[in-house]
Amino acid sequence: MLFRSRARLQQRVVIGFVDGEELFFKGSAAYLGIQPRPIPFGNVLNIDFVGSNALADRLDLIWYTQASAALRDRVVAANDRYAVGVSPLLPALATDPNVTIMDIAPWGLAGVPSVAVTERYPPERDAAYLGNTTFHTVNDTPESLNNRRLWRKATQLVLAVLDRKSTRLNSSHVSESR
């Protein structure tokens, strides 16, 4: 996708895999805690709990504080520009950090523009979402995913946001690599 658009990244990209969300942000909060100040990240994008809903290509777009509003808008615009096909893509302001136990929370609450895409927030079951029966168990593995198409779309969406052509990037949110 980025190759086809001839995109060139203008800032460093760090791909991190963290754990500990179930322990109230210990993984991502610990990583955030060791960063120098000012925090050397311009934006944080998180794919969290995606690939278990075989019934729909819905993703919820979680964001914290107004500092993340422009990044939220870039994700929505990238979904349209690249025709990624996430539908519906539902923005949701996370107003209660005690309910929103997601790895993105420490970043967003620290004022770093941050968003997460997840298949359902909150993860309540209904006719369009049967839930993930392996969630937070030893069986919650890549093999248990039953909607790899949605995982691929979530990944494409996050990568599309890296292309400056997808939307204008507010320069105040860019952290140049050193």
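Residues numbered from 1 in each chain as written. Predicted model: local features only at pLDDT ≥ 70, side-chain atom pairs only at ≥ 80, totals over all residues. Heavy atoms only, no water.

A. Up close: the confidence of the model for the protein chain. Of all residues in the protein chain, 73% attain a pLDDT of 70 or more, and the chain-wide mean is 76. Mean pLDDT across the secondary structure elements of the protein chain bottoms out at helix α1 (residues 26–33), with 83, and peaks at helix α2 (residues 69–81), with 94. Scored below 50 in pLDDT, residues 167–178 shows 23 contacts in the model against residues more than four places distant or in partner chains. (pLDDT = per-residue confidence, 0-100. Helix = DSSP H or I, 4+ residues; strand = E, 2+ residues; numbered from the N terminus. Contact = heavy atoms within 4.5 Å.)

B. Focus on the packing of aromatic side chains. For the coordinates displayed, the defined rule picks out 3 aromatic pairs. Their ring planes at 50 degrees and their centres at 6.2 Å tell us that Tyr 31 and Trp 107 sit as a pair that is tilted. Within this pair, whereas Tyr 31 is found in helix α1, its partner Trp 107 is found in helix α3 (residues 105–109), the two being separated by 76 residues in sequence. Note on Tyr 31: relative accessible area 33%, which makes it partly exposed. Relative to Trp 107, the ring of Phe 41 lies with its centre 5.4 Å away and its plane at 85 degrees, an arrangement referred to as edge-to-face. Of the two residues, Phe 41 sits in the loop between α1 and β1 (44–47) while Trp 107 sits in helix α3, which places them 66 residues apart along the sequence. Each member of the pair, Phe 41 together with Trp 107, is buried. Site record: aromatic cluster; members linked through ring pairs are Tyr 31, Phe 41 and Trp 107. For the cation-ring pair, Arg 72 lies above Trp 63, with the distance from its terminal atom to the ring centre recorded as 4.3 Å. Positioned above the aromatic ring of Tyr 82, the side-chain terminus of Arg 81 is 5.2 Å from the ring centre. (Phe/Tyr/Trp six-rings, centres within 6.5 Å; stacked < 30°, edge-to-face > 60°. Buried < 20%, exposed > 50% of the residue type's maximum accessible area, 1.4 Å probe, protein only. Lys NZ or Arg CZ within 6 Å of the ring centre and 35° of its normal.)

C. Structural view of helix α4 (residues 148–161). Look at α4: 20 Å from first C-alpha to last across 14 residues, which is about the 20 Å you get at 1.5 Å a residue. Buried within α4 are the following residues: Leu 150, Lys 153, Ala 154, Leu 157, Val 158, Ala 160 and Val 161. The arc that holds every buried residue of α4, seen down its axis, measures 160 degrees, which confines them to one face. Against the buried residues of α4 lie β1, β2 (59–63), α2, β3 (89–93) and β4 (114–118). (Expected span 1.5 Å × (residues − 1). Arc of directions from axis to C-beta.)

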